[in-house]
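Working through the structure, step by step
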There are 6 protein chains.
Amino acid sequence: MRPSGRAPDEMRAISIETHFTKHAEGSCLIGFGDTRVLVTASVEDRIPPWLRGKGEGWVTAEYSMLPRATHTRSQREAAKGKQSGRTQEIQRLIGRSLRSVVDLKKLGENQITIDCDVLQADGGTRTAAISGAWVALRLAVNGLLASGAIKEDPIIGRVAAVSCGIFKGTPVLDLDYIEDSDADADANFVLIEGGQIAEVQATAEGATYDEEGLLRLLRLARMGTDRIFAAQADAVK
Amino acid sequence: MRPSGRAPDEMRAISIETHFTKHAEGSCLIGFGDTRVLVTASVEDRIPPWLRGKGEGWVTAEYSMLPRATHTRSQREAAKGKQSGRTQEIQRLIGRSLRSVVDLKKLGENQITIDCDVLQADGGTRTAAISGAWVALRLAVNGLLASGAIKEDPIIGRVAAVSCGIFKGTPVLDLDYIEDSDADADANFVLIEGGQIAEVQATAEGATYDEEGLLRLLRLARMGTDRIFAAQADAVK
Amino acid sequence: MRPSGRAPDEMRAISIETHFTKHAEGSCLIGFGDTRVLVTASVEDRIPPWLRGKGEGWVTAEYSMLPRATHTRSQREAAKGKQSGRTQEIQRLIGRSLRSVVDLKKLGENQITIDCDVLQADGGTRTAAISGAWVALRLAVNGLLASGAIKEDPIIGRVAAVSCGIFKGTPVLDLDYIEDSDADADANFVLIEGGQIAEVQATAEGATYDEEGLLRLLRLARMGTDRIFAAQADAVK
Amino acid sequence: MRPSGRAPDEMRAISIETHFTKHAEGSCLIGFGDTRVLVTASVEDRIPPWLRGKGEGWVTAEYSMLPRATHTRSQREAAKGKQSGRTQEIQRLIGRSLRSVVDLKKLGENQITIDCDVLQADGGTRTAAISGAWVALRLAVNGLLASGAIKEDPIIGRVAAVSCGIFKGTPVLDLDYIEDSDADADANFVLIEGGQIAEVQATAEGATYDEEGLLRLLRLARMGTDRIFAAQADAVK
Amino acid sequence: MRPSGRAPDEMRAISIETHFTKHAEGSCLIGFGDTRVLVTASVEDRIPPWLRGKGEGWVTAEYSMLPRATHTRSQREAAKGKQSGRTQEIQRLIGRSLRSVVDLKKLGENQITIDCDVLQADGGTRTAAISGAWVALRLAVNGLLASGAIKEDPIIGRVAAVSCGIFKGTPVLDLDYIEDSDADADANFVLIEGGQIAEVQATAEGATYDEEGLLRLLRLARMGTDRIFAAQADAVK
Amino acid sequence: MRPSGRAPDEMRAISIETHFTKHAEGSCLIGFGDTRVLVTASVEDRIPPWLRGKGEGWVTAEYSMLPRATHTRSQREAAKGKQSGRTQEIQRLIGRSLRSVVDLKKLGENQITIDCDVLQADGGTRTAAISGAWVALRLAVNGLLASGAIKEDPIIGRVAAVSCGIFKGTPVLDLDYIEDSDADADANFVLIEGGQIAEVQATAEGATYDEEGLLRLLRLARMGTDRIFAAQADAVK
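Conventions adopted
- Residues numbered from 1 in each chain as written.
- Chains lettered and ligands numbered in written order.
- Predicted model: local features only at pLDDT ≥ 70, side-chain atom pairs only at ≥ 80, totals over all residues.
- Heavy atoms only, no water.
- Axes fitted to C-alpha atoms, helices over the stretch in contact; angles between N-to-C directions.
- Helix = DSSP H or I, 4+ residues; strand = E, 2+ residues; numbered from the N terminus.
- Parallel < 35°, antiparallel > 145°, perpendicular 65-115°, else oblique.
- Left-handed = near helix turned anticlockwise from the far one by under 90°.
- Contact = heavy atoms within 4.5 Å.
- Nonpolar A, V, L, I, M, F, W, Y, C, P; charged D, E, K, R; others polar.
- Pairing = 2+ DSSP bridges.
- Polar contact = N/O pair within 3.5 Å; in protein donor to acceptor, adjacent residues only side chain to side chain.
- Salt bridge = Lys/Arg side-chain N within 4 Å of Asp/Glu carboxyl O.
- Buried < 20%, exposed > 50% of the residue type's maximum accessible area, 1.4 Å probe, protein only.
- UniProt positions renumbered as here; feature names shortened; annotations may be inferred.
- Buried area = accessible area lost by both parts, 1.4 Å probe.
- Expected span 1.5 Å × (residues − 1).
- 1 Å grid on protein atoms, 1.4 Å probe; cavity = no way out; pocket = protein on both sides within 12 Å on 5 of 7 lines; lining within 4 Å.
- Points joined across faces, edges and corners; volume = space filled by probe spheres on them.

The next thing to look at is the packing of helix α2 (residues 85-99) of chain B against helix α3 (residues 125-146) of chain B. All names here are of chain B. Relative orientation of the contacting elements α2 and α3 amounts to 40°, with a least axis distance of 10 Å. One way to sum up the angle between α2 and α3 is to call them oblique. Crossing handedness for the pair α2 and α3: right-handed. Residue-level inspection shows R86, I90, L93, I94, S97 and L98 of α2 in contact with α3, the latter providing T125, R126, A129, I130, A133, W134 and L137. In terms of residue class, the contact of α2 with α3 is built from nine nonpolar, two polar and two charged.

Listed below in structure tokens is the structure:
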């Protein structure tokens, strides 16, 4: 039924290649099928002005698609002179998702900036970005702990994200581009290992869904994130 | 328990003053307690370039806060030279919410732009904006029908939005600014009269919630939107 | 003779509703007929860099029209990414007008920012804005005096503004939109109670006028501002 | 009494060097004392979108100061990425002033853009710009008439501008930078040969003036513009 | 003598992985040692406005560094809202270099946009970008020929680029970051297979060099580009 | 053979008028034939943030063309809101060229900004700008030495620039606009008196050249810069 031949509750292959670039304190290339996102975590010992004197750190994120990550070339945001609403929405989401599993006090006065650059897009770029961002963050924080820059681990748990949607009437997990273009409803779930919800963004443009529909998608999302948590654990071992 | 003395499932007073400005095809000043948003609907007989030749219309929205709508003055976005990520996120949400109850084919080659300008903010500006936007849209579409510009009513149903959150451990409806600043989790629900969900945006920065928590908020949201649907019906009678 | 049926030297109804918003230190909604401008005065205990160490304060203003304040929708300046020349010209004028009645030394190291947002436009938005700005400023300064933040009243007198023009050969006072669109010449006068001139901006695109014409407009302006001074006095009583 | 030793009603030396650059259809370097402005008029056989199909032309202007035209270097507007409010105000004034002496119908569907670039500033840059702009416009229109591109002369008369102000209590003509920095009030008059007023911009920041004061400045301005009209006539002979 | 232990005329390892992304008509990941640039070629059947009606095509390029491609994180250009002078200089250079080996008439009315995104930087990013750009272009043009969209091969020859410089007094080939930071002079050569020079950019900030020095660098560059031409040939076989 | 009738190795007339503006610490109007560039040098006793505490100074440059310096009017960069890639490329080149003859340590903590504004363009604007920039810099530094602000002369030698190209098969010196538009290859040489090369920018879009061709252009450039060095010496005597 699905164009890819997958079962409704089947994730695409998850690949995580850590240390993909050498300068960043943490980095990985994460793949959800053909969607590939390069994620780096940069540690800086300065914090945003509004945090000064609080003894806390900060975790923030930026997101971008390379112009030809997509089927047809999009204009480069640096050339247009501004980031789109979509880009800003996604990078704010990534930042919030990570902060839901970080104790900013234990991070000390350090800022970690996560850069998520989509090299190739095939649906689910924001969910792959969040899932990879946790890996890059984990590696960067490991470095801070190893060097003694911070004493206690500020990372409370794992966070991962996956999209679900209703495609031709059936709830499906981890939509690829073809499904995404044609889905009746589309939701992104950011979940924390152990069962808590960090964020839900469920959108139904044209179609809508009821409470039962939303819950069915949430259950699919739990199955998907369990797969991602395992891949994350494996990657940072 | 709530700073305002409201019961957990109690909305603030809803006020809708239609025809607040004289030039727009539809307009209202909507209030959720002290939050007041001026909403106008502007009809133009042109459509975005990517819709040309499809025989369809478009509904879109813009959102802004006046600089001193808030406790302390914010910099004017026109002076800064760009709209914030928050502004863009909200105006995209308003547009999608309205389109979930509009049959764009029946709208013909018309574009309706909804402007939501927050005159005074006390929490829930985006939900008041969506709820008022439906009223302004309804009035503008009534004009198109009355003038014979379109033949069939493109509006399928009512849409309204409300925020819910967990405040000091209790799920509460329609958070005001004091509650919002201190809530553990915060969700905006966009619901359609009759029970369908158009959009859920549930965010838990720091705290998180489980499935049961999300459902409890959704049920509160239904109670709130029922109140809003009644106020909308009353306003456009 | 005038489309509104007014006599040549007749102002439109002036309405001033103070404390229109609750957060600003001073605010009012001023109406000159159907022109309605929301004005807020925001006090901040910081001053522009070039005033540091002089022991003086500053008064400045920003101006904006809501997109659908006018007959047809204008593009939002925040979305365009810049303020128009017209906007900048008007907000500079409002700031200079207010400073002509303020002793900046007595204001201490405080900055007062006046925001003038046009909710509905029907000619004379800048003159209504200046006239309302004085009211918001007066209320904000009253607060500074009451709290003891400043000792002496920095406001020297009242300032108000009105437009005059030559419409179908006759000098008329307080042009509305229909007159303004069709006037041969158009002048904005900013006058100080007691007879002094703070600013004259007389423009004749296409037509021109002689010295006698200019004086006749100035005399009309005096009649109009006397009406406004009375309304201001009443509003802040 | 004046720092320059001039009499109160004495203009600075006026110099106009026509054809200062070779590419523009009209050009001059105009000097009011040490203030020197390079003005070019560029003719294009296209018009702004909003004039299409009306059979009319358009005259518009742009203004800029070279970064080191002034005592201390200002940041280049192209590097800052936007034109200041002052720049926009001035270029709008130049355009309106020229259009007050042009019959746009006789200009045909041509646009003339006047560029005024201040090479050296010593007070009165906008008035020198307007006065020189008329010369460049006259030369460009002469070319259109000579080539037969237009049949009738669209220029109705001469326009010139001069500043006047109250310096140490005395009304003076054509303020230089030292006077301008220290004047109590400052007015720019745009006058048309024969006595009509095109534009008055009288500003009194801090100080103010009465009707009699304004008239005294207007009379000085007439003396000044008579001198400029003679220099313009001489230049285009 | 060189920090990397290389001989003065020794290139770093060259790696070219073609078809690195699946959407672009041509793509490769090129490496000069640790410098890695992702290059895509996008074919569009539209041309810039100034080429319309000439029956020619166009080849252009854009360049960017990911924020953490470097030792310390740089601000993202899309977030800053503009491309730096360095970025613009490099992307103009890449475009000119490619056009030196393309017969634009044979390309037909097609535009090929080359995007060069630096994933990891270690000196020589612009020379790797140019060398990889030729590969992506070759692959994209092969597709146009295979599909019959164009009849004749518009690519005249191979183009490649390499940097040379004077490091601690010795002319060296293909500077890495450590050498580049400390070189007395630095030149980028864009050469065409067969011996012609497409572009030389030799800069000596602080130090300078004489004619003989320039020639010595040019000879090193020939050695380097011979290596690159071989790698290009191999990659597109 | 050349449109101007010049011999292949013949420069256009060089004119340098020093002290063209009165405010700048150094200034000149330089002409290479009909190309005329106004250059000013502004001294400020502050340095860029990244130089603080090093006891060094800085020399930087900005470049602009007046909108009607060219055959047809170009849009003003300040109005467009950004500097073109070409502008940025040129101003970076001017800055590097000057720094190649300045000992920044001897300059002390002073910044000299060179502004090059092209009043009239006829080919070679960047080379005239560099050649004139040295004159303005020399005059500004003379002032610093005369006032005792610095003790030792930081200027090591003279720097000048000239373009050469291959026009209808013949290498020619100092291309004017007609030649430049039609040249097969085009190179800008920045040379230091005494024989050293500061910068070479040789571009061959469409055509290319071999080593011998490059050397022939370099020899022409030496002849040209010798003429310019003499004119510079004469100007600052």
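Moving on from the coordinates now.
A few words on the sheet that holds strand β4 (residues 58-65) of chain E. Residues and elements named next belong to chain E. An order of β1-β2-β3-β5-β4 is seen for the five strands of this open sheet, with the pairing classed as mixed. Unpaired on one side and paired on the other, β1 (14-18) and β4 mark the two borders of the sheet. For this sheet the average axis-to-axis angle between neighbouring strands, irrespective of direction, equals 20°. For strand β3 (residues 35-44) and strand β5 (residues 111-120), the ladder comprises nine bridges, and the chain directions are antiparallel. Its bridge partner being in β5, L38 is matched across the sheet by D117.

Here we come to the side chain of F:S27. Residue and element names in this part refer to chain F. Inspection of the secondary structure assignment puts S27 in strand β2 (residues 26-32). Polar side-chain contacts of S27 include one of 3.0 Å to the backbone nitrogen of F20. With sequence-adjacent residues up to four places away left out, S27 is seen in contact with E17, T18, H19, F20, T21, V39, T40, A136 and L139.

Tallying each qualifying case throughout the model produces 153 salt bridges over all chains. A salt bridge links E:R96 to E:E199; the nearest nitrogen and oxygen atoms lie 2.6 Å apart. Note that E:R96 is positioned in helix α2 (residues 85-99) and E:E199 in strand β9 (residues 197-203), a separation of 103 residues in sequence. As far as the burial class goes, E:R96 and E:E199 line up, both buried. Each of the salt bridges in this network shares a partner with another, and the network as a whole consists of A:R2, A:R6, A:R12, A:D34, A:D122, A:D174, A:D176, A:E179 and E:K22.

Those places that UniProt annotates as "binding site: phosphate" (unreviewed entry) correspond, in this numbering, to A:R86, A:G124, A:T125 and A:R126. In summary, the annotated positions, though distributed over 41 residues, converge in three dimensions, the widest C-alpha pair being only 13.4 Å. With respect to the helices and strands, the residue A:R86 is situated in helix α2 (residues 85-99). Setting aside residues up to four positions removed in sequence, A:R86 forms contacts with A:Y63, A:M65, A:T125, A:R126 and B:R92. A polar side-chain atom of A:R86 sits 3.3 Å from a polar atom in the side chain of A:Y63.

Put simply, an interface is often sized by how much accessible area is lost when its parts join up. Listed per partner, the contact involves 38 residues of chain A and 38 residues of chain E. Across the chain A to chain E interface the summed buried area is about 3,000 Å²; carbon plus sulfur atoms make up 49%. Taken together, the connections running from chain A to chain E amount to 15 salt bridges. Its salt-bridge partner being E:D115, residue A:R76 comes within 2.7 Å of it at the nearest N-O pair. Counting the contacts that link chain A with chain E gives 24 residue pairs in polar contact (both at pLDDT 80 or more). Those elements that place two or more of their residues in the side of chain A that touches chain E are β3 (35-44), β4 (58-65), α1 (77-80) and β5 (111-120) of chain A. Tallied by class, residues from the side of chain A that touches chain E come to 14 nonpolar, eleven polar and 13 charged.

Turning next to the sheet that holds strand β3 (residues 35-44) of chain F. Residue and element names in this part refer to chain F. In spatial order, the strands read β1-β2-β3-β5-β4; together these five strands make up an open sheet with mixed pairing. Taken across any chain shown, the strands that pair with only one partner, and hence form the sheet edges, are β1 (14-18) and β4 (58-65). Neighbour to neighbour, the strand axes of the sheet diverge by 20° on average, direction disregarded. Sitting on the sheet, helix α3 (residues 125-146) is in contact with β1, β2, β3, β4 and β5 (111-120), with an inclination near 35° to β3. Relative to the sheet, helix α5 (residues 211-235) contacts β1 and β2, its axis offset from that of β1 by approximately 25°.

To continue, consider α3(F). Residues and elements named next belong to chain F. With 22 residues, α3 extends 31 Å from end C-alpha to end C-alpha; this agrees with the ideal 32 Å at 1.5 Å per step. Burial analysis of α3 places 18 of its 22 residues in the buried class, which makes it a mostly covered element. Of the residues one or two after α3, G148 is the one with positive phi, at around 80°.

One way to see where empty space is left: roll a probe the size of a water molecule over the atoms. Summed over the entire model, instances satisfying the criterion amount to four cavities of 30 Å³ or more. Every residue lining the largest cavity is listed: A:L38, A:T40, A:D115, A:D117, E:L66, E:P67, E:R68, E:A69 and E:L119. Counting only elements with at least two residues in the lining of the largest cavity, the list comes to β3 and β5 of chain A. Its residues assigned to classes, the lining of the largest cavity shows five nonpolar, one polar and three charged.

What follows concerns unusual backbone geometry. Even without being a glycine, B:K168 presents a positive backbone phi close to 50°. Along the chain, B:K168 turns up in the loop between β6 (159-167) and β7 (170-173). Backbone geometry places C:D174, a non-glycine residue, at a positive phi of 60°. Mapped onto the fold, C:D174 is located in the loop between β7 (170-173) and α4 (177-182). Taking the relative accessible area as the measure of exposure, C:D174 reaches 0% and is therefore buried.

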